[in-house]
Amino acid sequence: MYLAGRTPSVLLKRKDIVFLLLLTGGAVLVHGYHPGIEDAEIYLPAIKKLLHPGLYPFGMEFFQWHSQMSLFDASMAGFVRLSHLPLELVLFMGHTASIFLFLLACWRLNQRCFRGSRACVFGAALMAALLTLPVAGTAVYVLDQYFGPRSVSSFSILFAILDLVDKRYIRAGFWLVFTAAIHPLIGAFGLFLALLLWVLETSPRSIFLGALPLLFGFALKPPSEAYRRMLLAVPYFFLSQWQWFEVLGILAPLPLLLWFSHIGRKKELPVLDLLSRALAVFGLFFISVELTLTSSDSLLGLVHYQPLRSFHLIYLFLVLFSGGLLGEFALKDRVWPWLVVFVSLCGGMWHVQRALFPASQHIEWPGAAPSNDWQRAFHWVRMNTPQDAIFALNPNYIELPGEDQHGFRALAERSRLADARKDAGASTWNPNRPLAEHCLEQVEAVDGWKDFKAADFARLHRQFGVTWVVLEQPAPAAASLECPFTNAAVRVCRVPGPRPIALSLR
């Protein structure tokens, strides 16, 4: 065997654990914490629905499909019930714990790939500094600023690779199954990488690329027009819609990995060599899959699997190996140059995060008061409107200035009409269900939102049972409505009419 005779490294020392704990705290301070942003609009409502079944009587299908594919939501809800801790605190604890375990896995992997302890220190430190590095144009980060399935699966897949390297196949299988149970897509990517490692280890000259066009060459029924429109509303699904620098973000890592493989062979670091070669082939494979899926109309129904999100794994190892190589061969014992690089990276990443969420607190501590006007409005909604209320908002509300990508369902805990971003993406996950049609119907129903008048709100009430609206300022349409809450950013207004019976779209 290619790695025969290699023994696992010793356990971490106490000082190493203290160092990783300090890195964890520093990572939270640098990258921030925002529990209700982005994909939390999918995961948080699913958890809250399990804890409080009366929530979200309308439109829950847009987040329940994800919930059914993962054990994350049920696990979080179960932990809250058993611990009797507030969900906000559980999420923050999970976030910090996942960062620590992620950095621990990085440390242990660099123990296998390099000889000296400097590679472990520099690799973990570089990873902590670049935790929210975007993965090309895939709309994911190395690790998110909130706690979700990707937070857990990121460290579990690294532990799986670690056990594969150590020939602990049963334990590696456990980690792969665990990863798939939490995040099926990352689990599938991890399983493919595991098989690829086995092929390259047993047959080092194998390139494993000959069957690429055949694996996804079967014909499928072309998607509906509504489904196609929802797909096109999510630009990161299609490589052709990426910016040039985003495309560079998936091409540049491949020659770097081949260079790392060359260094591994030259310096007699067999694990670095094997992992780097496998990841280079891994990346080429999924670029080919992406090009295959988007080249045929009959294969568009598979685009939602987002093959280029496999580069999340590549970026993890790219950062990790870069730090290890810097520590082992470049900077070595020269502490000051490393500190300059590390502090500069941390400062740059902190600045980027502040620019991404300029109207919010950098760290949204559990139990803290809402930090911007949109969050304050959502908090008021949660405290002052009926659980069965149905809201309408600007379909692009999550991208408006000052909103800072905070999800309405996640924070207000109320039903709303589908939006043109998160629900559009969620509706593409099952081409065989009419979610795309429902999403398109609801998004089109609020077309021209800024010019809505009393008659338009009445139509939403009749068509979908909308009882409340959130209007961004200035809000001339609010003149015809009763608006019990207002601030500089929004008004929350009641839609007149008989109270409807909210029905879920089943």
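Cut-off values and rules
- Residues numbered from 1 in each chain as written.
- Predicted model: local features only at pLDDT ≥ 70, side-chain atom pairs only at ≥ 80, totals over all residues.
- Heavy atoms only, no water.
- Pairing = 2+ DSSP bridges.
- Helix = DSSP H or I, 4+ residues; strand = E, 2+ residues; numbered from the N terminus.
- Disulfide = S-S within 2.5 Å.
- Patch = residues over 30% accessible without salt bridge, like charges linked within 9 Å, V, L, I, M, F, W, Y side chains within 5 Å.
- Areas by Shrake-Rupley, 256 points an atom, 1.4 Å probe, with all protein chains shown as cover.
- Salt bridge = Lys/Arg side-chain N within 4 Å of Asp/Glu carboxyl O.
- Lys, Arg positive; Asp, Glu negative; His and termini not counted.
- Charge placed at Lys NZ, Arg CZ, Asp CG, Glu CD.
- Buried < 20%, exposed > 50% of the residue type's maximum accessible area, 1.4 Å probe, protein only.

**With respect to the sheet that holds strand β2 (residues 415-416)**
So, point 1. Strand order in the open sheet formed by 5 strands is β2-β1-β3-β5-β4, and the pairing between neighbours is mixed. The open sheet has two edge strands with one neighbour each: β2 and β4 (482-486).
So, point 2. Pairing of strand β3 (residues 468-472) with strand β5 (residues 490-494), which is carried by 5 bridges, proceeds in the antiparallel orientation. Within the sheet, the bridge partner assigned to leucine 471 lies in β5 and is arginine 491.

**Here we look at unusual backbone geometry**
So, point 1. Residue proline 474 follows glutamine 473 across a cis peptide bond; omega there is -5°.
So, point 2. Positive phi outside glycine occurs at alanine 136, with the angle close to 50°.
So, point 3. Relative to the helices and strands, alanine 136 is located in the loop between α6 (117-129) and α7 (149-165).
So, point 4. Of note in the backbone geometry, glutamate 413 takes a positive phi value of approximately 60° without being a glycine.

**What about the state of the cysteines?**
So, point 1. Considering all chains together, one arrives at 1 disulfide under this definition.
So, point 2. The disulfide that involves cysteine 483 links it to cysteine 493, with 2.0 Å between the sulfurs. The sign of the S-S torsion, about 95°, decides the handedness of the disulfide formed by cysteine 483 and cysteine 493: right-handed. You can see cysteine 483 sitting in strand β4 and its partner cysteine 493 sitting in strand β5, a full 10 residues away along the chain.
So, point 3. Between cysteine 106, a cysteine without a disulfide, and cysteine 120, which holds the nearest cysteine sulfur, the sulfur-to-sulfur distance is 11 Å.

**As for a positive patch on the surface**
So, point 1. On the surface, Lys266, Lys267, Lys332 and Arg334 cluster together into a patch of positive charge.
So, point 2. Secondary-structure assignment places lysine 267 in the loop between α13 (253-266) and α14 (270-293).

**Quick word on the pairing of β5**
The side chains of a regular strand alternate between both faces of the sheet.
So, point 1. As judged from the 3 bridges shared by β4 and β5, these two strands associate in the antiparallel manner. Note that in β5 the partner of glutamate 482 across the bridge is arginine 494.
So, point 2. Between β4 and β5, which pair antiparallel in sequence order, lie 3 residues.

**Describing helix α15 (residues 311-330)**
So, point 1. Burial of α15 is extensive: 16 of the 20 residues sit out of reach of the surface.
So, point 2. A positive phi of about 50° marks lysine 332, the residue just after α15.

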